[in-house]
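Here is what each chain is made of, one letter per residue.
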Amino acid sequence: MAGCGDPVPEEVRADFPLPDLVTAEAPVRAALEDRHARAAQDRGNAEAWGALARVLHAHDFDASALEASRRAETLAPADPEWPYLRGVLLRNVDPGAARESLERASLLGVRSPALPIHLGELALEAGDEEEARRHFEAALGGETEPFAQLGLARLTLAAGEVEKARELLAAAAARRPDLREAHLLLATVHRRLGDAEASELASLRAAAIDETTPPPDPLFQRVGEQGVSSRWHTRRGAFHATRGQLDEAEAEYRRALRASPGSATLQAQLGAVLILRSASFDEGLELLREASRSSGGTSLEVQAKLGSALLVGGRLVEASAVLDSVLAELPTHADALVGRAAIHRRLGELEAERAVLERGLAAHPGDLRFRRGLGEVAVLRRDLATAEVMWRRQLEVDPAAHATRYDLAKTLADQGRTDEAATLLERGLDLAPNSSRFALYLAWMLATSPQASVRDPARAEELALRVRGQQPQSAQAADVLAAALAAQGRWEEATASQSEAVRLASRPGDPGAPLRAAYEQRLGLYRAGTPYVQPR
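Just so it is clear, the model here is predicted, and its values are computed rather than measured.

## Brief notes about the nonpolar core
Ranked by size, the top nonpolar core spans 72 residues in total, and within it Y441 and M445 carry the most contacts. Non-local contacts of Y441, meaning those with residues more than four positions away in its chain, are made with Y406, A409, K410, A413 and L425.

As structure tokens, this is what we get:
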């Protein structure tokens, strides 16, 4: 900031007109007018100009953001944030100027793990391969290492070192499975190495990722935090929704709708979140109906969401009509196909469901819902071999598909392959260490497997105790703990835990109620000094 007695430079004192805000959403207009007024009132304040630059940048007024950040840099030439943000803004407009700004930020000591990645990519685009290599290698060992490995792979591939590029890309994809660009390039590399199967798998992994993944950048995150448009709220809402954080998702979508009232798309997105919360189902369905009316029934995305909501509500005839209208317009619409398949499932029409899912998989090979659905149909048809193929392929594409991992483990265990089931569950716990579902099922395998080589009752006890601590009212957890104790010959403790399982399952509406008879049977075994072992 300029000192109290320092004159404000002439280029900063000059008028700074805001861009045309006639079409801007009200929250955006208010935020920009507020930041603009603050900068105008204190023209010698670098942070005031920087705050204005961030809001302009967040809402894509890039030319004005560049000028505001230039004024901030003029007033605070030792602050590396302003040349850094200018460099990011110029990245796709003027690569030469972007590189110059980022290098200046680097000399000033900017603290952003994304800096060497930006500089490496700009150097690579400029044909300066040695400089690019230097920047990428500087990022190895940190949180941006996968992005550095991606950059180095591009360099090595250009030099004809295909196998080395494969190793770098495989390492990058393993550490950041959401790095779409690594999978895309890996598909090319595998194809050049003659490995068609690995190339197809990498392509499927890339297709399963919706967006380009940027390197972590806390400075640019500060820009995103200033976003108040419906687009920003929608992005945050989607982030929360995919993680099951429905309260947070609802709040963001409501903010988005306030920013852009009457938007059919936003009404549908909020409605879809409310549908997932049974207490808000009626409100969600009404929002989706309103979205359908306001769009004149022409928005396929809105109609698909409405059809899915009607399906959730059990209104199969109406849901079928809506989804069929979407498929009449676009026969490959993914959400509509998923919904249509679900209707066939509800009606017990497995062959029709399988046909729809196969159609969806052919059109959208990266959409894992179709593989999962085909696996479920195969199980219902007792075609366990097909289910295993579908689900293993899905896990190859997305190891974090936890529901599929659990179902595959259960299918294998039902075939007596408890060793394979236990291995799948162990991997599941590696990926989701707090999953009580994985922990409890693995404990059951380790306590009761008919394969002696799988049994590890001490570890089973440890896992079951952990879940009991989290879910003290779970009849299933008490049952599994009892099995682990019985496998160790600790009959008194096993009997006490199994008695608790029976008591809990006897409560009206308890999830364990259907298993009460089995719990009582095992209680009799433990009282007689006999452990429970799954039948082969």
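## Considerations on unusual backbone geometry
In this model, D60 sits at a positive phi of 70°, which is unusual for a non-glycine residue. Secondary-structure assignment places D60 in the loop between α3 (46-58) and α4 (62-75). In this structure, R382 is a non-glycine residue whose phi angle is positive, near 60°. The residue R382 is located in the loop between α22 (368-380) and α23 (384-397) in this model. Take R382: its relative accessible area is 60%, and that puts it in the exposed class.

## Details of the pattern of salt bridges
On inspection of all chains with the given rule, the structure shows 52 salt bridges. The residue R71 makes a salt bridge to E67 at a minimum N-O spacing of 2.9 Å. A residue pair is termed a helical-turn pair when its members lie 3 or 4 positions apart in one helix, as R71 and E67 do in helix α4 at four residues. On the basis of relative accessibility, which here comes to 3%, the residue R71 falls in the buried class. For E67, a relative accessible area of 24% corresponds to the partly exposed category. Put simply, D479 and R522 hold a salt bridge, and the shortest N to O gap is 3.0 Å. Within this pair, whereas D479 is found in helix α28 (residues 475-487), its partner R522 is found in helix α30 (residues 516-527), the two being separated by 43 residues in sequence. With respect to burial, D479 and R522 carry one shared label: buried. Overlapping salt bridges bring together D247, E250, R254, R277 and E283 as one network.

## Quick look at α28
Note on helix geometry: an α-helix contains 3.6 residues per turn, so any two residues three or four positions apart are oriented the same way. With 13 residues, α28 ought to run about 18 Å at 1.5 Å a step, and its terminal C-alpha atoms sit 19 Å apart, in line with that. Listed in full, the buried residues belonging to α28 are A475, A477, A478, D479, V480, L481, A482, A483, A484, L485 and A486. Among the residues trailing α28, G489 stands out with phi positive, at a value near 75°.

## Some thoughts on the packing of α3 against α4
At a minimum axis separation of 8 Å, α3 and α4 run at an interaxial angle of 160°. In terms of axis orientation, α3 runs roughly antiparallel to α4. Considering how the two elements wind past one another, α3 and α4 form a crossing that is left-handed. Taken together, the residues of α4 that come into contact with α3 (itself represented by A46, W49, G50, L52, A53, L56 and H57) are D62, S64, A65, A68, S69, R71, A72 and L75. Here the contact of α3 with α4 is built from residues that sort into nine nonpolar, four polar and two charged.

## A closer look at the packing of aromatic side chains
Inspection of every chain in the model, using the stated rule, returns three aromatic pairs. Seen from their ring centres, Y406 and Y441 are 5.1 Å apart, and the 45° between their planes marks the pair as tilted. Taken together, the residues Y406 in helix α24 (residues 402-414) and Y441 in helix α26 (residues 436-448) connect sequence positions 35 residues apart. The class for Y406 is buried, based on a relative accessible area of 12%. The aromatic ring of Y532 is capped on one face by R522, whose charged end is 4.9 Å from the ring centroid.

## With respect to helix α9 (residues 145-158)
Taking 1.5 Å per residue, 14 residues should reach 20 Å; α9 reaches 20 Å between its end C-alpha atoms and fits that length. With twelve of its 14 residues buried, α9 lies for the most part within the structure. Taken residue by residue, α9 has E145, P146, F147, A148, Q149, L150, G151, L152, A153, L155, T156 and L157 as its buried positions. On its buried side, α9 packs onto α7 (115-125), α8 (129-138), α10 (162-175) and α11 (180-192). Where α9 ends, the next residue or the one after it, G160, has phi of about 85°, a positive value.

Criteria and thresholds
- Residues numbered from 1 in each chain as written.
- Predicted model: local features only at pLDDT ≥ 70, side-chain atom pairs only at ≥ 80, totals over all residues.
- Heavy atoms only, no water.
- Core = buried A, V, L, I, M, F, W, Y, C linked by side-chain atoms within 4.5 Å.
- Buried < 20%, exposed > 50% of the residue type's maximum accessible area, 1.4 Å probe, protein only.
- Contact = heavy atoms within 4.5 Å.
- Helix = DSSP H or I, 4+ residues; strand = E, 2+ residues; numbered from the N terminus.
- Salt bridge = Lys/Arg side-chain N within 4 Å of Asp/Glu carboxyl O.
- Expected span 1.5 Å × (residues − 1).
- Axes fitted to C-alpha atoms, helices over the stretch in contact; angles between N-to-C directions.
- Parallel < 35°, antiparallel > 145°, perpendicular 65-115°, else oblique.
- Left-handed = near helix turned anticlockwise from the far one by under 90°.
- Nonpolar A, V, L, I, M, F, W, Y, C, P; charged D, E, K, R; others polar.
- Phe/Tyr/Trp six-rings, centres within 6.5 Å; stacked < 30°, edge-to-face > 60°.
- Lys NZ or Arg CZ within 6 Å of the ring centre and 35° of its normal.

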